[in-house]
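For reference, the chains in residue letters:
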Amino acid sequence: MGACSSCCADRNRSGLYEPLLQENEREAVADLLQYLENRTETNFFEGDPLRALSTLAFSDNVDLQRSAALAFAEITEKDVRAVDRDTLEPVLFLLQSHDVEVQRAASAALGNLAVNTENKLLIVKLGGLEPLIRQMLSPNVEVQCNAVGCITNLATHDENKTKIAKSGALVPLTRLARSKDMRVQRNATGALLNMTHSDENRQQLVNAGAIPVLVSLLSSPDTDVQYYCTTALSNIAVDAANRKKLAQTETKLVNSLIGLMDSTSLKVECQAALALRNLASDEKYQLEIVRSRGLTPLLRLLQSTFLPLILSSVACIRNISIHPLNESPIIDAGFLDPLIELLAYDENEEIQCHAISTLRNLAASSERNKKAIVEAGAVERVCTLVLKVPLSVQSEMTACVAVLALSDDLKPRLLQLGALDVLIPLTDSSSVEVQGNSAAAIGNLSSKVQDYQPFISVWDAPSGGLHGYLTRFLESPDTTFQHIAIWTIVQFLEGGDTELIDLITRSSEIIPAVRELTQSLDSTSPHQQADGDNMMNDESEIVGLARRVISMLSQNEKDF
């Protein structure tokens, strides 16, 4: 993005020899010609070279202004550096000329200088936006192109974005995004994209009527324009209010984005999937993407070897999988094997998290889907990886196992696959979420199983075994952890396995901890105190379960 290259195509210096030049102007012309002859050795941004350029720029002679503007454009095309007020003021003065040639070259020079970070701020500080906005309204395409290109460069600096949004630039930018000139269209859509990185600016953009323009340009034949528009719409779709507006007014948006996932441009494919991901934060779009046949291109991107494509598609399918009605269609479309493969994608933690989170979502509400996920090998892959992956991935993996463990039919299979061997060590993780998810999975596995031998075999090991985990959680100050542990013990006792019950009964740590919980809990952690009534309800239930354990153990002794 930036200046249109044709702005300096014609260097008409005939005006250098007009007979009515002032003495200082004649000297400046002669000096400038000499400096241009030795341009590779000359710094035009200070000293005598800058004074010569400034003299021509501030002249009343339009031919001299043209020469200065063309010189500035040519010099800055090859030499971009941080400059000061003395360099920018003559360029900004030229920008306000009524001559199209001067406008065209001056805006090209300013756009070149605006590539530098310090210059971006100084140009706006010195009032450069107002003349640039006027030039965007010019009937001359070259002037439009250069002015918009300069605005685009200025809008890459965060400190400028709000000033540009409030300057009145967004309405002409939106209009020029529909230009028949592809260069203007590219620069304008690029500028609009640069304005979508904050809530406030996105709202200004929406108010300026940019949404229908951006959506219509998704069908542009130019891949740069497609990329800028898909990325801008993706950013706009971050806001719930904007998604609602899009849903009400842009009925073809989803189909357009799905179509762009088959683009020949990798960056367009990637941004189209990300835009759909953001839209799929809402239930309506989760369903619409599936109904509009978006799963097929998403699956293709998911199986790509290009990391950004994999990340964008797996993030999108993760959001789509949230809706219960989408679970079976996603599984039937063939996503399970690729998702399970991505669990081992250790180049990118985010991809691993999205993949396992999707599997957990797919297992949420259907026994059929839980079985399909287990049969596809998800549990084996999790058991192999879970002790080695980052904490965020461990949290998602243990949560997924906890959901799968709700299925009575699948519990024997999970136990046979060694789920307890990895879950027990993770109950002592440095992450509270991983601890809680692992304990919840163990609790779910403990309920209504026919064979408790897998639990007996891990009573003392690994990592302190089931015995160590139950003791830690019973003695924890966290009532959630206490509740999980005491509930799990109730499941064991109700299961009636005499060997397991004997292990619990003979424990010198578990029984005293359970007896302690039969009394009202006096000490609570600060975050629990803030929970108020909920904490009291938890405490009451914990006390009730603890008393039930003691009662069941007493009854067992009598029966024995």
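Since this is a predicted model, take the numbers as computed values, not measurements.

## Focus on the overall build of the chain
A count of helical and extended segments in the chain gives 36 helices and zero strands. Taken over the C-alpha trace, the chain has a radius of gyration of 34 Å; the compact-globule value for 560 residues is 24 Å, which it surpasses by more than 25%. Dimensions of the chain, computed from the C-alpha atoms along their principal axes, are close to 125 × 45 × 40 Å. Residues counted as buried form 58% of the 560 residues belonging to the chain. Counting only contacts in the chain whose residues sit at least 6 apart along the sequence, the fraction spanning at least 24 positions is 72%. In the chain, the 48 positive side-chain charges and the 72 negative ones have mean positions that sit 7 Å from each other.

## Brief notes about the pattern of salt bridges
Tallied over the full model, the rule gives 30 salt bridges. Here aspartate 48 and arginine 51 are joined by a salt bridge, their closest N and O atoms 2.4 Å apart. On the criterion of helical spacing, the pair formed by aspartate 48 and arginine 51 is a turn pair, its members being three residues apart in helix α2 (residues 47-57). By relative accessible area, which is 43% here, aspartate 48 ends up partly exposed. Given the relative accessible area of 52%, arginine 51 is considered exposed.

## Section: the nonpolar core
Core analysis: the largest hydrophobic core is formed by 191 residues, its most contacted members being Leu359, Phe455 and Leu466. Leave out the neighbours within four places in its chain, and phenylalanine 455 touches Leu415, Leu420, Ile442, Leu445, Ser446, Val449, Leu466, Phe492 and Leu500.

## Observations regarding helix α26 (residues 391-404)
Helix length check: α26, at 14 residues, gives a terminal C-alpha distance of 20 Å against a target of 20 Å (1.5 Å per residue), a fit within 8%. Here α26 lies mainly inside the structure; twelve of its 14 residues are buried. Listed in full, the buried residues belonging to α26 are Val393, Gln394, Ser395, Glu396, Met397, Thr398, Ala399, Cys400, Val401, Ala402, Val403 and Leu404. Against α23 (349-362), α24 (367-375), α25 (378-385), α27 (411-416), α28 (419-426) and α29 (432-446) lie the buried residues of α26.

## Some remarks on the confidence of the model for the chain
Residues shown with low pLDDT carry predicted positions that ought not to be read at fine detail. Here the chain averages 92 in pLDDT, and 92% of its residues register 70 or above. Low pLDDT, under 50, characterises residues 5-19; the predicted model gives this stretch 27 contacts beyond four residues in sequence or across chains. Scored below 50 in pLDDT, residues 522-532 shows ten contacts in the model against residues more than four places distant or in partner chains.

## What to know about the UniProt feature "repeat: ARM" (unreviewed entry) in the chain
Cross-referencing UniProt, the feature "repeat: ARM" (unreviewed entry) maps to residues 86-128, 127-169, 168-210, 209-251, 252-294, 293-335 and 334-377 in the present numbering. In residues 168-210, the share of helix is 70% and the share of strand is 0%. The end C-alpha atoms are 13 Å apart. Along residues 252-294 one finds 72% helix and 0% strand; the C-alpha atoms at either end are 13 Å apart.

## Description of the environment of valine 268
If you trace the backbone, valine 268 turns up in helix α17 (residues 266-279). Using a relative accessible area of 0% as the deciding quantity, one classes valine 268 as buried. Along the primary structure valine 268 and serine 554 are separated by 286 residues, whereas in three dimensions their C-alpha atoms are 68 Å apart. Here valine 268 is in contact with Thr223, Gln226, Tyr227, Leu260 and Ser263, once residues within four sequence places are set aside.

## Concerning the packing of aromatic side chains
Here a ring pair, both rings aromatic, is described through the centre-centre distance and the interplanar angle of the planes. By the definition in use, this model includes seven aromatic pairs. Plain terms: the ring middles of phenylalanine 58 and phenylalanine 93 are 4.9 Å apart, the flat faces sit at 50° to each other, and that makes the pair tilted. In this pair, phenylalanine 58 sits in the loop between α2 and α3 (62-78) while phenylalanine 93 sits in helix α4 (residues 85-95), placing the two residues 35 residues apart along the sequence. Given the relative accessible area of 42%, phenylalanine 58 is considered partly exposed. Members of the aromatic cluster, joined through ring pairs, are Tyr452, Phe455 and Phe492. The residue whose ring lies beneath lysine 267 is tyrosine 227, and the NZ or CZ to ring-centre distance is 4.8 Å. When the ring centre of tyrosine 285 is taken as origin, the NZ or CZ atom of lysine 284, which lies over that ring, is 4.5 Å away.

## As for the side chain of asparagine 319
As for its position among the elements, asparagine 319 is in helix α20 (residues 307-320). In this structure asparagine 319 comes out as buried when scored by relative accessible area, which is 8%. Contacts of asparagine 319, omitting those with residues within four sequence positions, involve Arg277, Ala280, Ser281 and Gln286.

Thresholds applied
- Residues numbered from 1 in each chain as written.
- Predicted model: local features only at pLDDT ≥ 70, side-chain atom pairs only at ≥ 80, totals over all residues.
- Heavy atoms only, no water.
- Helix = DSSP H or I, 4+ residues; strand = E, 2+ residues; numbered from the N terminus.
- Rg over C-alpha atoms; globule rule 2.2 N^0.38 Å.
- Buried < 20%, exposed > 50% of the residue type's maximum accessible area, 1.4 Å probe, protein only.
- Contact = heavy atoms within 4.5 Å.
- Lys, Arg positive; Asp, Glu negative; His and termini not counted.
- Charge placed at Lys NZ, Arg CZ, Asp CG, Glu CD.
- Salt bridge = Lys/Arg side-chain N within 4 Å of Asp/Glu carboxyl O.
- Core = buried A, V, L, I, M, F, W, Y, C linked by side-chain atoms within 4.5 Å.
- Expected span 1.5 Å × (residues − 1).
- pLDDT = per-residue confidence, 0-100.
- UniProt positions renumbered as here; feature names shortened; annotations may be inferred.
- Phe/Tyr/Trp six-rings, centres within 6.5 Å; stacked < 30°, edge-to-face > 60°.
- Lys NZ or Arg CZ within 6 Å of the ring centre and 35° of its normal.

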